[in-house]
Every structure is written in structure tokens, then in C-alpha cells.
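The primary structure of each chain is shown beneath.
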Amino acid sequence: MTARRSGLRRLGWLLPAVVVLVLVTVVPLGRVVWTSLHRSSPTTGSELVGLDNYTHLVASREWWLAVATSLVLVAGVVLVQLALGLVFGAALHRVGVVWPVARVVVLVPLVLLSVVSVVTWRDAVNGGFLTSWFDLGEAGPFAQLVAVTVGETWRGTGMVTAVVALSLAQVTASLSASAVADGATGLQRWRRVVLPSIGPAVAGVAAFRVLDTYRVLDGPLLTDDPSARLQTAPLLTWTTQFTALELGLGAAMSVLVVIGAAVLAAIVVPLFRVRRLL
Amino acid sequence: MNVASHPSIRSRLAASVVAFLLGFAMANVGLIVVPRPDTWLWLAAAIVLMVTGVVGVLVADTRRDVSLWAVLGVELLTLFTLAPLLWVLSTATVAEGSRRTTLWPGDATWSAFGEVWDAGPVRTAMGTSLLVAGLATVVAMLVAAPAAHALMHRDAPGRRWWYVAFVAALVLPTFVLGAPAAAQLLALDLATSRLAMAVPTLAVALPIAVWLTVRVLRRAPWSLYDAVRADGASVGQRLRHFAVPHLALDLGLVTILVFFWTSADVALGAAMAPTDDQRTLPATLLALGADPESSRLVAAAGLWWLLPLVLVATVFSRRLVSLLGR
């Protein structure tokens, strides 16, 4: 009885946060699942249709094209961010004298509101400086989507850079010196000493960037052309719910987007061995 | 201490050649392709790179512990980071009714920075964001602090799984919560209440608050706390001699970060507000941004919103990076 009471008391510290989390995420998600089982719109009312919305989506070419577009964007953005972040982070680590200023500068793009980044990057190819530099002419929705994707890459690279630079500073100096004394080549030192040390932090930030990029909405939304064939899954979900007002179908898309995020997490967490950080 | 060994002469010479060629190519592109006044920006960057190449050759055979590759990397990082920021400033300083076509903010007019504060949608939206994100941040921090303590020290049942749940909520696509949140507010007849919008916004604020607070508690010197307790310190003394010096500043920083993270969310703000004057700042900028003529206002508002964060990042840069880093 005492042990049980002690367990409850320990849980008591956690309980308010758990209750709030359930109220603001689990309950709305439950409502989304329930709505997804209906054909629902403000004009026609609501009708229970079971899994019809899901079977419709599974057979929909438009939906799978949107999912594929999202995944391509995620892969492109995160791979470039990782590559640039590793290079820039290593450079910052070696030129330590600039680190106090650089650690502020690299974080500025990240803390700029994403919608501001999207608008300015879109404008850069839509009659802006990139148009005038490279004579791009009329930029269509695809060119604008590429521009805002580059903008998203720009926003997140600073975070990866900062994490890499900070992790490199924590590589055990004696281990590194021993490797040098043992005659290890640069590549061997990188593989055997540096990478195992910075790996967990880089894995954590990579996993976060994957899942954060997957849910990006404002970029595709501001470059959207209703006739465009290429849409991301978040954009298609948003327009289905808030433009077409097909609430049931949009809810089914929302459920599939969340399942997609869970699948992505299930892939990247073991792949990057993020569990060590949790 | 650096993990790499002393750079070789060959490595320095190779970096110098790459820097010089890159600068030479930029100078050519700048002169041939890029219109003025941006030509001067290209030439300035080109000169820096070419000088790096020349200096690299001069110091290649010295014992200075300088990696030319690293210097080149830092220069490219500076270009990569600052050029788009300059474009944001250029966009914000264009005259009303015209479009900026150059990266350099020539003929800058600063009226957009003032218009943001005039009575209008952006000022209202800033107020809404302050209210909604501020309230959500306060509530989130109040429940996150004991939760983080339980996750770290109280051996709460299933604490690892709860922590995973908070981290999962951190990366949940928030736009999926927009429709049910709006429907719930409508059902409760609270759709026009800006205060009520803070409740669904907790879905953004709480996970980041728990995650960051756990990170703060992980870094705290708990052996010192045990020692203070073993010495028989009272609760007040523990607060004064342990919590305030070792936790207060970091928790204050976490509160600021949670506020700005929460206020940056676009999807919930756009989904919940039934009228234009109820939108949060990102949602208002999203609506304004659809019209390229309003880009100057969007950029100006973004820079105003960025200013306090840059100040915080400048003052607490070391703590901030280590908090977000490892």
C-alpha cells in the first residue's frame, strides 16, 4: 500500500503535464480519427462512411504523388543540411576565434519566422534578385517551390552547424592526440574518434530535421497554384480541409500524415540511433 | 583543443588554389552576369576569397596552426547565412508599391518598419501572438517544470515512455490539430475568444517546454544539491544556494525559447482564427504574404520579431547553443 502510494505521489508531479498533453493532442487526434470515418462538410452535413475515405485515398494517385513529393523534399533538404552543417561546423571548430560571433549568426535564420523566410525566398525568384542575376524570367509554382525549399534548407543548416561545432568541441582531446600519436590518418581519426563522439548529437538533430521538414506547410501554401500537379501531403491536407471544406477526407489525410510521421520516426530513430538520446 | 592535426603544406596550397579560383569565378560572374549595384557585392566577396588564396600561399610553409580549408569554410558560411538576411532587409526597405530586384538595399525607405506599428492587422496580430503564446508559455512552464523533475529524479512509473510521448508531440504535424481545435472552440462558443486560443496552442508549447526543461535539469550539478541537503539546508537555503544560481537563468532562457517557438507556429493560428483580426502574427503574415505587394510589411514585421531573439541570442549565446546542442 505504501509503495503504491509512493508511486502515485511520484506520478503526481508528472500528472498535470500528462493531462494537458492528452487534452490538447490525444483528444483532438481522437476527434480527427472520428471525423475521418465520416463524409463531412459544412454544407452537406455528416454521414458515417466507415473506411471509405481511407480506401479512396489509398487508391488516389494525387495523394501518393503528394506523399512522394513530401518525401523527396525531406530527403533533399535534410541531406543538404547535414552535408553543409558538417562542413561549416568543422570549419567553425577549427577557426575557434570566430565562434562567439558565429554561434549567434548561424542561429539567426532558424529564429526568423518561417513564413518570412518563405515569402522572401519566393520573391527572390519571382521578380527578385535571383531573377535579375540569372535572367530567370517568369517563375512558375515549381520554381517558387524549389526556392522556398532552398529557404527551408537555409533556415535549418545553422542548427546542424551549431550542433556539429559544439559536438566537435567535446571530442576527447586525449583520445584524438593518441590517435595522432598512433599514426592514424585523417580519415581514420574521423571514423574511429570523431564520428563516434559527435554521432549521437548529429543523429538527434538529423532526426529532428527530418520530422520538422516533413510537416512544413507555409512554404508549399504560399507557392501553391490550384492547377499545379505537385503538392506536398501537408498542403493537400490543408486545402482539402480549409479550402474544399471536405472535412472527412481531410481528416483521413491528417491521420495518414500522422501515421507517415510515425513511420518516418520509426525509420530514422533506429537508423540514426537516436534512442541513446532519449 | 582541435581534433585535427597540424595542416600540411599541400593541404594549405590546395585550399588556397580553391579559394582563389572560386573568387576569380565569382568576380567574372559578378562583372559579366550580375547587374549593378549587386556587382559590387559579388566583387567584394570575390576579393575576400582571392585574398584568402593569396594569404594561404604565403602562410602555407609556416608553423601557424591555421587551416585554410576552415577559413574558406567560415567565409562561405558567412556568405550563405548573411546574403539571404540581406535580402530580407532589402525586401523590407523597398518603397511602397514597388518591387525590389537587387540584393543591395539601395534607395532604402524605412517606412515599412513604422507601418507595422500603425493600427493595422500586423500590430493586432503581434498583440494576439503575445497574448496567446504568452499565456500558453506560462501554463506550459508551470506544468513542465514538475514534469521534468519527475522525469529526471522522481522515478515516476513509465517515465521513459512519458518522455518519449512528449518528444513525439514535439514533432507532431500541428496542422492536423487545427481543424479539431477550431471545431472544439466553435462548439464551446469560444471561437471569438483570443484567450481560448491559448489552450490548443499548448500542444505546441508544452512538448518543447518539457524537452528543454529536462535538458536544463540534466546539466545541473545534482551532486551539489545532494551535498547541500546532506548539510541540513532548509528548503529556502536550497533554493537560494542551489536552484537560483544553477537553474534560474537557464529556466528563464527556456521560457523565452518556449514563447518564441510557440509564437512561430503558423498552422494552429491560421486554422483557429475565424476572423482576420484574431489571427496570430505568423498566420497574418501568411495571409499578407499571398500578395507580393505586401512582402515589405512581412519582412519588416519578421525583422521586428527577430530583434529581441537576436538580443537574447547575443547575450546568452553560449547557454543557448549548449541547450540546443548536446
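Residues numbered from 1 in each chain as written. Chains lettered and ligands numbered in written order. Predicted model: local features only at pLDDT ≥ 70, side-chain atom pairs only at ≥ 80, totals over all residues. Heavy atoms only, no water.

## Some points on the domain arrangement of chain A
Residue and element names in this part refer to chain A. Domain annotation of chain A identifies domain 1 (2–36) and domain 2 (61–277). Using only C-alpha atoms to locate each centre, domain 1 and domain 2 end up separated by 31 Å. Every contact between the two is made by 5 residues of domain 1 and, on the other side, 7 residues of domain 2. Between domain 1 and domain 2 the total buried area reaches about 370 Å² when both faces are included, carbon and sulfur atoms providing 87% of it. Considering only the surface of domain 1 that becomes buried against domain 2, V32, T35 and S36 emerge as the three largest contributors, covering 78% of it. Inspection of the domain 1/domain 2 interface yields 0 salt bridges. Counting across the domain 1 and domain 2 interface gives 0 residue pairs in polar contact (both at pLDDT 80 or more). Broken down by class, the residue content of the side of domain 1 that touches domain 2 amounts to 3 nonpolar, 2 polar and no charged. (Domains from an automatic or database assignment. Contact = heavy atoms within 4.5 Å. Buried area = accessible area lost by both parts, 1.4 Å probe. Salt bridge = Lys/Arg side-chain N within 4 Å of Asp/Glu carboxyl O. Polar contact = N/O pair within 3.5 Å; in protein donor to acceptor, adjacent residues only side chain to side chain. Nonpolar A, V, L, I, M, F, W, Y, C, P; charged D, E, K, R; others polar.)

## A look at unusual backbone geometry
Between R36(B) and the following residue, P37(B), the backbone shows a cis peptide bond with an omega angle of 5°. Positive phi values are uncommon outside glycine, yet D135(A) reaches one of about 50°. With respect to the secondary-structure elements, D135(A) resides in the loop between α7 (129–134) and α8 (141–169). Phi is positive for D189(B), which is not a glycine, with a value near 60°. Assignment of secondary structure puts D189(B) in the loop between α7 (175–187) and α8 (198–219). (Helix = DSSP H or I, 4+ residues; strand = E, 2+ residues; numbered from the N terminus.)

## A few points about helix α10 (residues 235–263) of chain B
Residue and element names in this part refer to chain B. An ideal rise of 1.5 Å per residue puts 42 Å on 29 residues; α10 reaches only 35 Å between its terminal C-alpha atoms. The principal kink in α10, of about 60°, is found at A243, preceding the proline P245 by one to four residues. Along α10, the residues classified as buried are F242, A243, L247, D250, L253, V254, L257, V258, F259, F260, T262 and S263. Next to the buried residues of α10 lie α5 (121–153), α8, α9 (222–230), α12 (281–289), α13 (295–315) and α14 (317–324). (Expected span 1.5 Å × (residues − 1). Bend = angle between axes of the 7 residues up to and from the residue. Buried < 20%, exposed > 50% of the residue type's maximum accessible area, 1.4 Å probe, protein only.)

## Side note on the pairing of strand β2 (residues 45–48) of chain A
Residue and element names in this part refer to chain A. Relative to β2, strand β1 (residues 38–41) runs antiparallel, the two sharing 4 bridges. The residue of β2 that forms the bridge with S41 is G45. Count of turn residues in the β1/β2 antiparallel hairpin: 3 residues. (Pairing = 2+ DSSP bridges.)

## Thoughts on the domain arrangement of chain B
Residues and elements named next belong to chain B. By domain assignment, chain B separates into domain 1 (9–109) and domain 2 (115–324). For domain 1 and domain 2, the distance between their C-alpha centres works out to 37 Å. Tallying the contact residues gives 9 residues for domain 1 and 8 residues for domain 2. Connecting domain 1 to domain 2 are 0 salt bridges. Our count for the contact surface shared by domain 1 and domain 2 stands at 1 residue pair in polar contact (both at pLDDT 80 or more). Taken together, the residues of the side of domain 1 that touches domain 2 sort by class into 5 nonpolar, 2 polar and 2 charged.

## What about the interface of chain B and chain A?
Each partner contributes to the interface: chain B provides 100 residues, whereas chain A provides 90 residues. Regarding the contact of chain B and chain A, the summed buried area is about 8,400 Å², with carbon and sulfur atoms giving 76% of it. Linking chain B to chain A there are 0 salt bridges. Taken together, the connections running from chain B to chain A amount to 13 residue pairs in polar contact (both at pLDDT 80 or more). The biggest single contributor to the side of chain B that touches chain A is helix α3 (residues 68–92) of chain B, with 14 residues.

## Here's the deal with the packing of α10(B) against α14(B)
Residues and elements named next belong to chain B. It is at 11 Å that the axes of α10 and α14 come closest, and there the two elements cross at 75°. It follows that α10 is roughly perpendicular to α14 by the angle criterion. Contacts between α10 and α14 pair L249, D250, L253, V254 and L257 from the former with R319, L320 and L323 from the latter. When the residues that make up the contact of α10 with α14 are grouped by side-chain class, the tally is 6 nonpolar, no polar and 2 charged. (Axes fitted to C-alpha atoms, helices over the stretch in contact; angles between N-to-C directions. Parallel < 35°, antiparallel > 145°, perpendicular 65-115°, else oblique.)

## Brief notes about the packing of aromatic side chains
Both the distance between ring centres and the angle between the ring planes are used here to describe each pair of aromatic rings. For the structure shown, the criterion picks out 17 aromatic pairs over all chains. Between W238(A) and F242(A) the ring centres are 4.4 Å apart and the planes differ by 40°, which places this aromatic pair in the tilted class. With a gap of 4 residues between them, W238(A) and F242(A) both fall in helix α12 (residues 233–242), about one helical turn apart. Among the residues examined, W238(A) registers a relative accessible area of 8% and is labelled buried. A network of ring pairs unites the aromatic residues F129(A), W133(A), F134(A), W42(B) and W87(B) as a single cluster. (Phe/Tyr/Trp six-rings, centres within 6.5 Å; stacked < 30°, edge-to-face > 60°.)

## Brief notes about the pattern of salt bridges
Within the structure shown, the criterion is met by 9 salt bridges over all chains. The shortest N-O distance in the salt bridge between D212(A) and R209(A) comes to 3.0 Å. Here R209(A) and D212(A) lie together in helix α10 (residues 186–214), a separation of 3 residues that amounts to about one turn. Assessed through its relative accessible area of 13%, D212(A) is described here as buried. With its nearest N and O atoms 3.0 Å apart, the salt bridge here joins D250(B) to R219(B). Placement of the pair is D250(B) in helix α10 and R219(B) in helix α8, with a sequence separation of 31 residues.

## Side note on helix α3 (residues 61–94) of chain A
Compared with an ideal rise of 1.5 Å per residue, which puts 34 residues at 50 Å, α3(A) spans 49 Å between its outermost C-alpha atoms and is within 8% of the ideal. N-capping of α3(A) is provided by S60(A), with a side-chain oxygen placed 3.3 Å from the backbone N of E62(A).

## Side note on a nonpolar patch on the surface
Residue and element names in this part refer to chain A. Together, L15, V19, V22, L23, V26 and V27 make up an exposed nonpolar region whose accessible area comes to about 480 Å². With respect to the helices and strands, the residue V26 is situated in helix α1 (residues 2–36). Residue class for V26 comes out partly exposed when judged on its relative accessible area of 47%. (Patch = residues over 30% accessible without salt bridge, like charges linked within 9 Å, V, L, I, M, F, W, Y side chains within 5 Å. Areas by Shrake-Rupley, 256 points an atom, 1.4 Å probe, with all protein chains shown as cover.)

## Some points on the side chain of T81(B)
Tracing the chain through its elements places T81(B) in helix α3. Overall, T81(B) belongs to the buried group, its relative accessible area being 4%. With near-sequence residues (within four places) excluded, T81(B) lies in contact with V105(A), P109(A) and W154(A).

## Re the packing of α8(B) against α14(B)
Residues and elements named next belong to chain B. At a closest axis distance of 10 Å, the pairing of α8 and α14 adopts a crossing angle of 105°. As the angle between them shows, α8 and α14 are arranged roughly perpendicular. Only S322, L323 and L324 of α14 make contact with α8, whose side of the interface consists of L212, R215, V216 and R219. Of the residues assigned to the contact of α8 with α14, the class counts are 4 nonpolar, 1 polar and 2 charged.

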